[in-house]
Amino acid sequence: SVADDASTDPAPADGDPVEEVKGIGPAYSERLAEMGIETVAQLAAADAAAVSEGAKVSEKRASTWIDRAEDF
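Being a predicted model, the structure only gives us computed values, none of them experimental.

(A) Just unusual backbone geometry, in detail. A positive phi angle, close to 55 degrees, is found at lysine 56, a residue other than glycine. Looking at where lysine 56 falls in the secondary structure, it is placed in the loop between α3 (48–55) and α4 (59–71). According to the relative accessible area criterion, lysine 56 is exposed, its value standing at 66%.

Put into structure tokens, the structure is as follows:
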């Protein structure tokens, strides 16, 4: 899971919460957390198809979130 990869992530595990990314509110952040994605850095490293499925959003929206997380 993404959470297991936290040690290789340059950002600390307690980095910026995903809710800091425009378009992600409490409901989506909860769905992402269930997938092990809790920080902006984890979202940036995530796969759009997996985020789409886990957060129950379109792959296009998931890609937008990931792009915003990478630019954060």
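(B) Quick look at the environment of glutamate 53. Mapped onto the elements, glutamate 53 comes out in helix α3. Distance in space between the C-alpha atoms of glutamate 53 and methionine 35 is 9.9 Å, their sequence separation being 18 residues.

(C) Just the packing of α3 against α4, in detail. Running from amino to carboxyl end, α3 crosses α4 at an angle of 115 degrees, the nearest separation of the two axes being 8 Å. Viewed along their axes, α3 and α4 form a crossing whose handedness is right-handed. Where α3 approaches α4, its residues Ala48, Ala49, Val51, Ser52 and Ala55 are matched on the opposing element by Glu59, Ala62, Ser63, Trp65 and Ile66. For the contact of α3 with α4, a count of residues per class yields seven nonpolar, two polar and one charged.

(D) Looking closely at the packing of helix α1 (residues 26–34) against α3. Where α1 contacts α3, the axes come no closer than 9 Å and their chain directions differ by 115 degrees. Classified by the angle their axes make, α1 and α3 are roughly perpendicular. Viewed along their axes, α1 and α3 form a crossing whose handedness is right-handed. Packed against α1, whose contacting residues are Tyr28, Arg31 and Leu32, the element α3 presents Val51, Gly54 and Ala55 at the interface. When its residues are assigned to classes, the contact of α1 with α3 shows four nonpolar, one polar and one charged.

(E) Inspection of α4 at higher detail. Here α4 is 13 residues long and its end C-alpha atoms lie 18 Å apart, about the 18 Å a rise of 1.5 Å per residue gives. Among the residues of α4, Ala62, Trp65, Ile66 and Ala69 are the ones counted as buried. Along the axis of α4, the buried positions cluster into a sector of 95 degrees, meaning they face one direction only. The exposed set on the far side of α4, more than 90 degrees from its buried face, consists of Lys60 and Asp71. Those residues of α4 that are buried are in contact with α1, α2 (40–44) and α3.

Cut-offs applied
Residues numbered from 1 in each chain as written. Predicted model: local features only at pLDDT ≥ 70, side-chain atom pairs only at ≥ 80, totals over all residues. Heavy atoms only, no water. Helix = DSSP H or I, 4+ residues; strand = E, 2+ residues; numbered from the N terminus. Buried < 20%, exposed > 50% of the residue type's maximum accessible area, 1.4 Å probe, protein only. Axes fitted to C-alpha atoms, helices over the stretch in contact; angles between N-to-C directions. Left-handed = near helix turned anticlockwise from the far one by under 90°. Contact = heavy atoms within 4.5 Å. Nonpolar A, V, L, I, M, F, W, Y, C, P; charged D, E, K, R; others polar. Parallel < 35°, antiparallel > 145°, perpendicular 65-115°, else oblique. Expected span 1.5 Å × (residues − 1). Arc of directions from axis to C-beta.

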